[in-house]
Amino acid sequence: MSETKSSFLGHAFRYFGLLFICLITLGSYYIYDIPAALQSGIETLYRVNNVKWNLLYSVYSFPNMIIVFFGGYFIDNVFGLKKGAIIFCCLVMAGQIIFSVSSNLKLFWLALVGRTIFGLGGESLSVAQSTFCATWFKGRSDINFAFAITLAFSRIGSAINFQISPKIENGEVSRVPTAIWVGAIVCGISFASCIILVVLDVIRGKKDKDDPTSNTASSFMDIIRSFKDIFHFPGTLWLINLSVVLFYVPLFVFVSICADFFQSKYGISSDLATSIASVPYYAAVSSPLIGFVVDRTGHNIIFTTFASALLVVAHGLFAFSDINVWAGAIFLGGSYAFMAASIWVTIPCLVPSKSLGSAYGLAFACQNAAVASFGLIINAIIAHFNTNPVSDSSSSSSCEPTPHPTPTPSNHTLLSSTSHADSSCVPIPKFASANAYHVAELVFFGLSCLCFAVQIIIILVDLKNRWVNIPSDKMKQRVKDLNPGDEKDPLIN
């Protein structure tokens, strides 16, 4: 009876900790897509065009081509997991506060500074979150379920932003700063959760008998030697990283532009387009259920391959079909839910625990490099192929004059009597032409097909290695084999 009670309390403690593992990135996911949710208002507030608006994403992603890897590396070898999480959470909150202040002062350069500081911490905080999850659930039968809950909960933050921020703004530019400040408040909630998680992790470490010095290097040469470990990562990990890149570019970059795309192609309202744009994030709520199934079956790469196939179908519908927009959005959401529940758990099967932060950091670095680069490429493609008049957000006018007929004796009187009507103007669309988005969609579709092809390659490679596309019990054994010195009694068997 006492053993049953102890097991129940252990489970309760572990999932109580998981709640705060989820919450530490709620703020960063909420604020990441604030520029997309408030695009029109932000362009008007700061008097910038679409290209400059995209810099709010670029300054976040470009530093993370490198910094996010070092974030994971510092977690493994310098700061340790707990200190690293607090530092990265502080950067996220500080960046959003600066962004919020910039909205009150209407200083776009200050907004870019805030988003850059946010970027210095945002992706590294996600690395810390993944490392926390892998540490708390390492070698256990519910690790896929735990990872899926973590991502689903975090992505709810993104979905809530798409619903709440436009409602706070309510079409009034003067209310944009308020919507941005709400993001700062959500970041404060995440920071408080991080402090609580650190306390809980100290308790967990004592129960698991963690070595308090195991996550830090003792000398500069130790740091150099541990840095060289990345060059010994197995080829399968690099294929996993490639599949992450090819999957998340057609997802994240598409989501950043899809509201305008939906309005252009399907002729729907801005509010409805924004709601549909959040479907992939709401679909992530189903990830825990999928993760529960993956925990029981294993063969994670089969699930990631299915996710890639759904991604191909989604972008195929957007690119080559006029079927209802909800169909493609649902397929896109389904692909995200399956990928999120199955891809990240393969990394602990490929590298030892001491290198998990570096491995996750490498994956996020590759992802950010691709998202930042393709974000600019896709916007350049849209601008190049756009045939709609360009709306200048720095001007209060969003229309072009209606062409006047040349006055003649026969129509001069008519013109004089209708001069007020003739001075009206034709509204300039706030989005590009449909053919421009079609070209961009072809790029997304091609990347989706490449992602599916890489999944097939991973399956073929793993036929020999038997590392990641194997039953769940063999995956757990694989983790134990990678960490032969880690035989301490776990928090929960």
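Here's a quick rundown of the structure. As the structure is a prediction and not an experimental result, all values here were calculated from the model.

Focus: the side chain of Ser58
Residue placement: Ser58 occurs in helix α5 (residues 50-61). With residues near it in sequence (within four places) discarded, Ser58 still touches Pro63 and Leu376.

Here's the deal with the packing of aromatic side chains
Taken as a whole and assessed by the stated rule, the structure comprises 33 aromatic pairs. Centroid distance Tyr46 to Phe108: 5.6 Å. Interplanar angle 65 degrees. Geometry classified as edge-to-face. Taken as a pair, Tyr46 in helix α4 (residues 39-46) and Phe108 in helix α8 (residues 108-136) lie far apart in primary sequence, 62 residues in all. What makes Phe108 buried here is its relative accessible area of 13%. With 6.0 Å between their ring centres and 90 degrees between their planes, Phe261 and Phe318 make a pair best called edge-to-face. Remark: Phe318 occurs in helix α16 (residues 300-320) and Phe261 occurs in helix α12 (residues 235-266); sequence separation between them is 57 residues. By relative accessible area, Phe261 is classed as buried at 3%. One aromatic cluster is present, formed by Phe147, Phe162, Phe247, Tyr248, Phe252, Tyr281, Tyr336, Trp344, Tyr360 and Phe364 through successive ring pairs. Over the aromatic face of Tyr57 sits the side chain of Arg115, whose NZ or CZ is 5.5 Å from the ring centroid.

Things to note about unusual backbone geometry
Of note in this structure, Lys106 is not a glycine but carries a positive phi near 60 degrees. Mapped onto the secondary structure, Lys106 falls in the loop between α7 (81-105) and α8. One non-glycine residue, Asn170, adopts positive backbone phi at about 55 degrees. As for its position among the elements, Asn170 is in the loop between α9 (143-169) and α10 (176-208). Owing to a relative accessible area of 49%, Asn170 belongs among the partly exposed residues under this scheme.

Points about the environment of Met65
With respect to the helices, strands and loops of the structure, Met65 is situated in the loop between α5 and α6 (67-77). Taking the C-alpha atoms as reference points, Met65 and Ala365, separated by 300 residues in sequence, lie 4.6 Å from one another. Residue contacts for Met65: discarding those within four places in its chain leaves Ala365, Asn368, Ala369, Ala372 and Ser373.

Some remarks on the side chain of Gln129
Turning to its location among the elements, Gln129 is positioned in helix α8. Take Gln129: its relative accessible area is 5%, and that puts it in the buried class. Leaving out residues up to four positions away in the same chain, Gln129 has contacts with Ile21, Cys22, Ile24, Thr25, Thr150 and Ser154.

Observations regarding the pattern of salt bridges
Counted by the stated rule, this structure contains three salt bridges. In this structure, Arg14 and Asp142 form a salt bridge, with 2.9 Å as the shortest nitrogen-oxygen distance. In this pair, Arg14 is assigned in helix α1 (residues 2-23) and Asp142 in the loop between α8 and α9, connecting sequence segments 128 residues apart. Like Arg14, the residue Asp142 is buried in the burial classification. With a closest N to O distance of 3.3 Å, Asp201 and Lys82 form a salt bridge. Residue Asp201 is located in helix α10, and its partner Lys82 is located in helix α7; the two are separated by 119 residues in the primary sequence. Residue classification places Asp201 among the buried positions, given a relative accessible area of 3%. Classification of Lys82 as partly exposed rests on a relative accessible area of 30%. Taken together, the shared-partner salt bridges connect Lys82, Asp201 and Arg204 into one network.

Observations regarding the nonpolar core
One broad rule of soluble globular proteins: the nonpolar side chains tend to lie buried together. Formed by 130 residues in total, the largest nonpolar core has its most connected members in Phe247, Tyr248, Phe262, Tyr336, Trp344 and Ile347. Of the residues forming this core, the biggest block, 20 residues, is contributed by α12. Other than its neighbours up to four places away in sequence, Trp344 contacts Phe147, Leu151, Val244, Tyr248, Tyr360, Ala363, Phe364 and Gln367. Counting six residues, the second largest nonpolar core, distinct from the first, contains Ile290, Val294, Ala337 and Ala341.

Quick notes on the packing of α12 against α16
Any two packed helices are characterised by the angle at which their axes cross and by the distance between the axes. Relative to each other, α12 and α16 sit at 25 degrees, their axes nearing to 11 Å. Relative to α16, α12 is oriented roughly parallel. Handedness of the crossing formed by α12 with α16: left-handed. In this structure, α12 contributes Ile240, Leu246, Phe247, Pro250, Phe254, Phe261, Phe262, Lys265 and Tyr266 to the contact, and α16 contributes Ile301, Ala307, Leu311, His315, Leu317, Phe318 and Ala319. For the contact of α12 with α16, the class distribution of residues is 14 nonpolar, one polar and one charged.

Considering α4
Residues separated by three or four positions in an α-helix point in the same direction, a consequence of the helix having 3.6 residues per turn. Counting buried positions along α4 gives six out of eight residues, so the element sits mostly inside the fold. Those residues of α4 that fall on the buried side of the exposure criterion are Gln39, Gly41, Ile42, Glu43, Leu45 and Tyr46. Arg47, located one to two residues past α4, shows a positive phi value of around 55 degrees.

Concerning the packing of helix α18 (residues 356-385) against helix α21 (residues 434-465)
Interhelical geometry of α18 versus α21 gives an angle of 145 degrees and a closest axis separation of 7 Å. Relative to α21, the crossing made by α18 is right-handed. For the pair α18 and α21, contact is made by Phe374, Ile378, Ile381, Ile382 and Phe385 and by Asn435, Ala436, Tyr437, Val439, Ala440, Val443, Phe444 and Leu447, respectively. Tallied by class, the residues present in the contact of α18 with α21 amount to 12 nonpolar, one polar and no charged.

Comments concerning the environment of Ser264
With respect to the helices and strands, the residue Ser264 is situated in helix α12. Assessed through its relative accessible area of 17%, Ser264 is described here as buried. When the C-alpha atoms of Ser264 and Phe431 are compared, they prove to be 6.7 Å apart, with 167 residues separating the residues in sequence. Once residues lying within four places of it in the same chain are set aside, the contact partners of Ser264 are Phe431, Ala432, Ser433, Ala434 and Tyr437. At 3.2 Å, the side chain of Ser264 forms a polar contact with the backbone nitrogen of Ala434.

Procedures and definitions
- In every chain, residue numbers begin from 1 and rise along the written sequence.
- Per-residue local features are limited, in this predicted model, to residues with pLDDT of at least 70; the limit for side-chain atom pairs, both in listing and counting, is 80 or more; totals at the level of whole chains, interfaces and linings are taken over all residues.
- Only heavy atoms go into the side-chain values, all of them from the structure, while hydrogens and water stay out.
- Counting from the N terminus, the helices are DSSP H or I runs at least four residues long and the strands are E runs at least two residues long.
- Any two residues whose heavy atoms approach within 4.5 Å are treated as being in contact.
- Ring pairs shown here join Phe, Tyr and Trp side chains whose ring centres sit within 6.5 Å, with only the six-membered ring taken for Trp; geometry is labelled stacked below 30 degrees between planes, edge-to-face above 60, and tilted in between.
- For the exposure calls, accessible area comes from a 1.4 Å probe over protein chains only, and a residue counts as buried if that area is under 20% of its type's maximum, exposed if over 50%, partly exposed in between.
- As a reminder, the over-ring test applies to NZ of lysine and CZ of arginine, requiring each to be within 6 Å of the ring centre and within 35 degrees of the ring normal.
- Whenever a carboxyl oxygen of Asp or Glu lies within 4 Å of a side-chain nitrogen of Lys or Arg, that contact is scored as a salt bridge.
- Joining through side-chain atoms within 4.5 Å is the link that ties buried Ala, Val, Leu, Ile, Met, Phe, Trp, Tyr and Cys residues into a set, and such a set is a nonpolar core.
- Lines fitted to the C-alpha atoms define the axes, with helices restricted to the stretch that makes contact. Angles between their N-to-C directions range from 0 to 180 degrees.
- Between 65 and 115 degrees an angle is taken as roughly perpendicular, under 35 as roughly parallel, over 145 as roughly antiparallel, and anywhere else as oblique.
- In this scheme the handedness of a crossing depends on how the near helix is turned from the far one: anticlockwise by less than a right angle means left-handed, clockwise means right-handed.
- By the convention adopted, Pro, Cys, Tyr, Trp, Phe, Met, Ile, Leu, Val and Ala count as nonpolar, Lys, Arg, Asp and Glu as charged, and the other residues, Gly among them, as polar.
- Polar contact is defined as a pair of N or O atoms within 3.5 Å, subject to the rule that within protein one atom must be able to donate a hydrogen and the other to accept it, and that residues adjacent in sequence are counted only when both atoms are side-chain atoms.

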